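What follows is the residue order along each chain.
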Amino acid sequence: MTPTIAIIGGTGLTSLNTLEITHRENQSTPYGEPSSPLIQGKLSGRTVVFLARHGLHHTLPPHKINYRANLWALQRIGIKHIIAIAAVGGIRNDMAPGVLAFPDQLIDYTWGRQGTFFDENLTQVTHIDFTEPYCPQLRGRLIQAAQLLNLGARESCTYAAMQGPRLETAAEIRKLERDGCDIVGMTGMPEAALARELDLRYATCAIVANWAAGKAAGEISMAEIERNLQESMARVKLLLTELVPIIDPS
Ligand code: HPA
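Along each chain, residues carry numbers from 1 onward, in the same order as the chain's sequence is written. Note on the predicted model: pLDDT of at least 70 is required for a residue's local features to be given, and 80 or more for side-chain atom pairs to be given and counted; whole-chain, interface and lining totals, by contrast, use all residues. Remark: hydrogens and water are excluded; side-chain values derive from all non-hydrogen atoms of the structure.

Comments concerning the site of the ligand
How we decide: We call a residue near a molecule or strand when any one of its heavy atoms sits within 4 Å of it. Polar contact is the term for a pair of N or O atoms within 3.5 Å; when the atoms are in protein, one must be able to donate a hydrogen and the other to accept it, and sequence-neighboring residues count only if both atoms are side-chain atoms. Each accessible area is a Shrake-Rupley estimate made with a 1.4 Å probe; only the visible protein chains count as cover when residues are assessed. Only DSSP runs of H or I reaching four residues or more are called helices, and only runs of E reaching two or more are called strands; each is numbered from the N terminus. Under the grouping applied here, Gly and all other residues not named as nonpolar or charged are polar, the nonpolar ones being Ala, Val, Leu, Ile, Met, Phe, Trp, Tyr, Cys and Pro and the charged ones Asp, Glu, Lys and Arg.
In the vicinity of the ligand, the residues found are A87, V88, G89, L167, E168, V184, G185, M186 and N210. Within the backbone of V184, an N or O atom sits 3.5 Å from a nitrogen atom of the ligand. Considering the ligand on its own, with 260 Å² of exposed area, one finds that the protein chains cover 93% of that surface. Residue assignment for the shell around the ligand shows that the elements contributing at least two residues are β5 (81-90) and β9 (183-185). For the shell around the ligand, the leading source of residues is β5, giving 3 residues. Each residue belonging to the shell around the ligand can be placed in one class, and the counts come to 5 nonpolar, 3 polar and 1 charged.

Remarks on the pattern of salt bridges
Basically, it comes down to this: Salt bridge criterion: a side-chain nitrogen from Lys or Arg within 4 Å of a carboxyl oxygen from Asp or Glu. Exposed residues in this analysis have more than 50% of their type's maximum accessible area, buried residues have under 20%, and partly exposed residues fall in between, with area computed by a 1.4 Å probe over protein chains only.
One pass over the full model with this rule turns up 9 salt bridges. A salt bridge links E177 to K215, with the nearest nitrogen and oxygen atoms 2.9 Å apart. Of this pair, E177 sits in helix α3 (residues 170-179) while K215 sits in the loop between β10 (201-211) and α5 (222-243); the two residues are 38 residues apart in sequence, bridging distant segments of the chain. Given a relative accessible area of 35%, E177 falls into the partly exposed group. Overall, the relative accessible area of 29% leaves K215 in the partly exposed class. Look at the salt bridges and you will find they share partners, linking R92, D94, R154 and D182 into a network.

Here's the deal with the packing of helix α1 (residues 67-76) against helix α4 (residues 188-197)
Heads up, the rule is: Axis geometry follows a simple rule: fit a line to the C-alpha atoms, using only the stretch in contact for helices, then measure angles between N-to-C directions, giving values from 0 to 180 degrees. The handedness criterion is simple: a crossing whose near helix is rotated anticlockwise from the far helix by less than a right angle is left-handed, and one whose near helix is rotated clockwise is right-handed. The contact criterion used throughout is that any non-hydrogen atoms of two residues lie within 4.5 Å.
Running from N to C, α1 and α4 point in directions that differ by 35°, and their axes come no closer than 9 Å. The crossing of α1 and α4 is right-handed. For the pair formed by α1 and α4, the contact residues are Y67, R68 and L71 on the first element and M189, P190, E191, L194 and A195 on the second. Counted by class, the contact of α1 with α4 contains 6 nonpolar, no polar and 2 charged residues.

Describing the packing of aromatic side chains
To keep things clear, this is the line we draw: Any pair of Phe, Tyr and Trp rings, taking the six-membered ring for Trp, is counted once the centres come within 6.5 Å. Such a pair is stacked with planes under 30 degrees apart, edge-to-face with planes over 60 apart, and tilted for the rest.
Within this structure, the stated rule accounts for 4 aromatic pairs. A ring pair is formed by Y31 and W72, whose centres lie 5.3 Å apart and whose planes are at 70°; its orientation type is edge-to-face. Here Y31 is found in the loop between β2 (20-25) and β3 (38-43), whereas its partner W72 is found in helix α1, with 41 residues between them in sequence. The partly exposed category is assigned to Y31, whose relative accessible area is 25%. Under the relative-accessibility criterion, W72 is labelled partly exposed at 24%. Measuring from centroid to centroid gives 6.3 Å for Y134 and Y202, while their planes differ by 20°, and the two rings are stacked. Of this pair, Y134 sits in the loop between β7 (105-108) and α2 (136-148) while Y202 is found in strand β10, placing the two residues 68 residues apart along the sequence. Each member of the pair, Y134 together with Y202, is buried.

Focus on the environment of R53
Secondary-structure assignment places R53 in the loop between β4 (46-52) and α1. Look at R53 and you get buried, because its relative accessible area is 1%. Along the chain, R53 and G89 lie 36 residues apart, while their C-alpha atoms are 18 Å from each other. A distance of 2.8 Å separates the side chain of R53 from the backbone oxygen of I85, its partner in a polar contact.

Take a look at the structure:
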């Protein structure tokens, strides 16, 4: 079966042991190499492809990821739905470490990234609608699966895409809060926009790894981020197992 569902794994999810792997494919694209091979296998009875956003050994920082190659490679093999897993910092009061959140809006603060396929050799200038940056149907399925599992996921929030790789200052987080952002990460853009340009259904499952800068006393500890992510991954895998079978075929 040609796979139509892809999971892009982020920090804390460089492999998916619930996937019964059938084969791996190295794809090259007009934009260069994707972050990792496309790992194909079975999850809940459906064929699914897994891509490690930061590479299989977590060596690509957010600003060095070849987002265009990743999205292009997935579309080329016939993918229609993308579930993006993303570690974030929590800004809103109910975004404590360990919480799962499904953003419905984003603000892009990144710079200098290759953010469009409509760049060169154009026959006409192309703009995409991005009013709703995440696919409402796929988000609906994420919400449904999380409710079935009683995960207490946050079903609506705004994602701030920051440049990184450093974490933010406390003042930057206060600014993001004034802007209406609830969670903050580094890889949500241009990934979401490129998916839309290719007409792919795209939704994000964010995992809060830490309180954003200034939201808790003291510095942010990388060890704590890792521990929180590790603790949360079992729930993310459970969610994916519940979600995959209820994704609409087209
Ligand atoms: N800021 C930005 N990206 C992140 C954070 C954060 O606090 N935590 C995990 N990814």
